[in-house]
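# Structural characterization, general
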Amino acid sequence: MAKGPDLGRNVVAQNRKARHNYFIDETFEAGLALTGTEVKSLRGGRSTIAESYITEQGGEAWLVNAHIPEYAAGNRFNHEPRRPRKLLLHRQQINKLIGAIQREGRTVVPLQVYFNPRGRAKIEIALVTGKQAHDKRQAIKDRDWQRQRARLLSRR
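About the thresholds
Residues numbered from 1 in each chain as written. Predicted model: local features only at pLDDT ≥ 70, side-chain atom pairs only at ≥ 80, totals over all residues. Heavy atoms only, no water. Helix = DSSP H or I, 4+ residues; strand = E, 2+ residues; numbered from the N terminus. Buried < 20%, exposed > 50% of the residue type's maximum accessible area, 1.4 Å probe, protein only. Contact = heavy atoms within 4.5 Å. Lys, Arg positive; Asp, Glu negative; His and termini not counted. Charge placed at Lys NZ, Arg CZ, Asp CG, Glu CD. Arc of directions from axis to C-beta. Pairing = 2+ DSSP bridges. Phe/Tyr/Trp six-rings, centres within 6.5 Å; stacked < 30°, edge-to-face > 60°. Lys NZ or Arg CZ within 6 Å of the ring centre and 35° of its normal. Axes fitted to C-alpha atoms, helices over the stretch in contact; angles between N-to-C directions. Salt bridge = Lys/Arg side-chain N within 4 Å of Asp/Glu carboxyl O.

## Re the overall build of the protein chain
What the protein chain contains, in helices and strands, is 4 helices and 7 strands. Helices and strands appear in the protein chain in the N-to-C order β-α-β-α-β-β-β-α-β-β-α. Each of the 156 residues in the protein chain was classed as buried or not, and the buried ones make up 33%. Of the contacts made within the protein chain by residues no fewer than 6 positions apart, 67% connect residues no fewer than 24 positions apart. Computed over 30 positive and 15 negative side-chain charges, the inter-centroid distance for the protein chain is 6 Å.

## Some thoughts on helix α2 (residues 36-44)
Taken together, the buried positions of α2 are T37, E38, S41 and L42. Seen from one end, α2 has its buried residues packed into an arc of 140 degrees, which puts them on one side. Where the residues of α2 are buried, they touch β1 (10-14), β5 (85-88), β6 (107-115) and β7 (121-130). Downstream of α2 by one or two residues, G45 has phi in the positive range, about 85 degrees.

## Concerning the pairing of β7
For β7, the tally of buried residues reaches 7 of 10 residues, placing the bulk of the element in the interior. When strand β2 (residues 22-32) meets β7, the two strands line up antiparallel, connected through 9 bridges. Looking at the pairing, F23 lines up with T129 of β7. Taken together, β6 and the strand that follows it, β7, pair antiparallel across an intervening segment of 5 residues, in which G119 is found at a positive phi of about 90 degrees.

## A few points about unusual backbone geometry
The phi dihedral of N65 falls on the positive side, at around 70 degrees, and the residue is not glycine. For N65, the position within the fold is in the loop between β4 (60-64) and β5. Residue N65 is classed as partly exposed on the basis of its relative accessible area of 26%.

## A closer look at the packing of aromatic side chains
Tallied over the entire structure, the rule returns 0 aromatic pairs. Directly above the ring of Y114 sits R9, whose terminal nitrogen or CZ lies 4.0 Å from the centroid. Lying across the ring of F23, K131 places its NZ or CZ 5.2 Å from the centre.

## Remarks on the sheet that holds β6
In spatial order, the strands read β1-β6-β7-β2-β5-β4-β3; together these 7 strands make up an open sheet with antiparallel pairing. Lying at the two open borders of the sheet, with one neighbouring strand each, are β1 and β3 (53-57). Strand-to-strand, the axes of this sheet are offset by a mean angle of 45 degrees, without reference to chain direction. Relative to β5, β4 runs antiparallel, the two being bridged by 2 bridges. Paired with L63 across the strands is R85, a residue of β5. Packing against the sheet, helix α3 (residues 91-104) makes contact with β2, β3, β6 and β7, and its axis sits at approximately 145 degrees to β2.

## Quick notes on the pattern of salt bridges
Side chains that differ in charge, positive against negative, can pair when their charged atoms come close. One pass over the structure, following the stated rule, counts 9 salt bridges. Among the ionic pairs, R82 bridges to E51, the shortest N-O distance being 3.7 Å. Taken together, the residues R82 in the loop between β4 and β5 and E51 in the loop between α2 and β3 connect sequence positions 31 residues apart. Beyond isolated ion pairs, a larger network of salt bridges with shared partners links D25, E104 and R106.

Now the structure itself:
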């Protein structure tokens, strides 16, 4: 059986800017409440979650502004590409996220959408704190230094 964080995942969409714009404090795996045409369109792999975010409405977590394009063969049963989608989380996880958003002013962003080994659509979300410009510059300096150090060590 595949073990590890990324083994067995069929990644459909990633939010690459999230790791640049935010400090990731904690990650969660959530299910997505999708319609049939949304699942078929996701399997096509053209969805984007770069501008999306997680919000709370009525004690539930919702994915807002994620773009899943209409399914080509979906006719009249097709879905709205940017509709809000309900996240399937345990009550404790929802309470933790809502508390962090309201009390601490933190943000919840999606990191990636994928299909697990059982074929279920899942989304990895993260509780994050925003980075300021100097934090981003420092992260770039650290990454460049690590790359340069690896080059120097590999030459030996």
